[in-house]
Amino acid sequence: MDKVELTEEQKDFIDKNYKKITNLNELTCAVYMGEDLDGRTKEGRAVRAYMATKDYKYSTTQKKKVPPVVLTKDQKEFILNQADGTMKAFDIAKLLFSEKDITPLSKETVVIADFLKKQLPEKTNPTDTAIGKSYKPLKSFEDILNLVNKSTNQELDSSKMQMQVKKGIEALMKFLHSPRLIQTVGNYTNKKDRELFEAEFIRATWDKPDLTSDELNLYINVCIDYINLMNIQKAIDKLNHMFEECEDQRDMTVRLAELLKTKSEEYNQCEKRMESLITRLNGDRAKRVQNKQSQNASILNLVQLFQEEEERKVMVKIAEMQKAMVEEEAGNIEAMPDWKARVLGLRKNDVS
């Protein structure tokens, strides 16, 4: 198997991120932007070898086998009785398996969510529509292009595409397969949240093929805040509706007013954080693009000067050739018999 050599940019990425991404498999995926890489691959060995030269520490993943969760008849009846369209599978799992440390992505939660989808799909909470399903971004160029058109209201055609646009789509394919993005989207158990996150990420990055790894992470943060903003707004709307219905219950209205205030503060903080991130991203990238354009302009000027110099040389050469041809023709005329020259009406001065 061929040996892989790390680029200077990849080495620099490891230097900056090995403390944040301590798992060798995850770090390898981040360095090469690939989801199917681990420490045993040639890429993983290259990362491990470089880290050894720097004496960087890392960990490896050893998955523990979790026994399958099989619902009993009584447990199934309990789930069906609790399901009302508002309770999450996670909430039911905490009641049913109170002795265990249950999380929204525990096997128990996933099994209950699958059971409800099959038995009572109409009473499945929206937040459980993607629970237990891993996020797998599309891989083909045409599929990604269709997502871009859908998310940005473009009408891009692969057969009539400029090179810069094509580069943007190809870069987006890599962005969507970055380990952190896959993990972030996979953490959403609501199908609509996943779709919204993906659409917002595509809308923000599809035409920016020059994004750095740090900027990519910041755009992921922006999309996380965008989903948070939408969910906070839903909670505020729900609290407002409850507030209107409880106007005659003083204790309840006071409590709801406090919750509304808290949610409004969360909304404002989230909105300010998003604005700050977007301003930073636009500013940093604008400076980099401007510097690159300045460099390109300098190179373009050199090319133009070179082309002008070449054109001058060509014109001089053509003039010299024309002059040589005139002199040669004049010599031919001088060699003609006088009577023939007089018949043709030609003299040497006529071609000079």
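The structure under discussion appears in the preceding block.
Residues numbered from 1 in each chain as written. Predicted model: local features only at pLDDT ≥ 70, side-chain atom pairs only at ≥ 80, totals over all residues. Heavy atoms only, no water.

> How would you summarise the environment of Arg48 if you had to cite specific residues and measurements?
Take Arg48: it is sitting in helix α3 (residues 42–54). Along the sequence, Arg48 and Leu24 sit 24 residues apart, while their C-alpha atoms lie 7.4 Å from each other. Setting aside chain neighbours within four positions, we find Arg48 in contact with Leu24, Gly39 and Tyr58. (Helix = DSSP H or I, 4+ residues; strand = E, 2+ residues; numbered from the N terminus. Contact = heavy atoms within 4.5 Å.)

> Which residues make up the environment of Ile236, and what values go with them?
Mapped onto the secondary structure, Ile236 falls in helix α11 (residues 213–245). The class for Ile236 is buried, based on a relative accessible area of 10%. With 28 residues separating them in the primary sequence, Ile236 and Ser264 have C-alpha atoms 7.3 Å apart. When sequence neighbours within four positions are dropped, the list of residues in contact with Ile236 reads Leu260, Lys263, Ser264 and Tyr267. (Buried < 20%, exposed > 50% of the residue type's maximum accessible area, 1.4 Å probe, protein only.)

> Which residues make up the nonpolar core, and what values go with them?
Core analysis: the biggest nonpolar cluster contains 42 residues, and Leu172, Leu176, Leu181, Phe197 and Phe201 have the highest contact counts within it. Residue assignment for this core shows that the elements contributing at least two residues are α7 (141–152), α8 (163–176), α9 (179–186), α10 (191–205), α11 and α12 (250–334). When residues in this core are grouped by element, the largest group, 11 residues, is from α11. When residues no more than four places from it in sequence are discounted, the contact partners of Leu176 are Tyr135, Pro137, Ile144, Leu181, Ile182, Phe201 and Ile202. (Core = buried A, V, L, I, M, F, W, Y, C linked by side-chain atoms within 4.5 Å.)

> Any details on the side chain of Glu43? Residues and values, ideally.
Examined against the element boundaries, Glu43 turns out to sit in helix α3. Buried and without a salt bridge, Glu43 has Lys42 as its closest oppositely charged side chain, separated by 4.9 Å. Beyond its immediate sequence surroundings of up to four residues, Glu43 is in contact with Thr28, Tyr32 and Leu37. (Lys, Arg positive; Asp, Glu negative; His and termini not counted. Salt bridge = Lys/Arg side-chain N within 4 Å of Asp/Glu carboxyl O.)

> Can you lay out unusual backbone geometry for me, pointing to particular residues and giving the numbers?
With a phi close to 60°, Asp55 is a non-glycine residue in the positive phi region. By the element assignment, Asp55 lies in the loop between α3 and α4 (73–82). With a phi angle near 60°, Asn153 is a residue other than glycine that sits in the positive phi range.

> Summarise the side chain of Thr109; cite the residues concerned and give the values.
Secondary-structure assignment places Thr109 in helix α6 (residues 107–119). Residue classification places Thr109 among the buried residues on the basis of a relative accessible area of 0%. In contact with Thr109, other than residues within four places in its own chain, are Ala89, Phe90, Ala93, Ile102, Thr103, Pro104 and Ile131.

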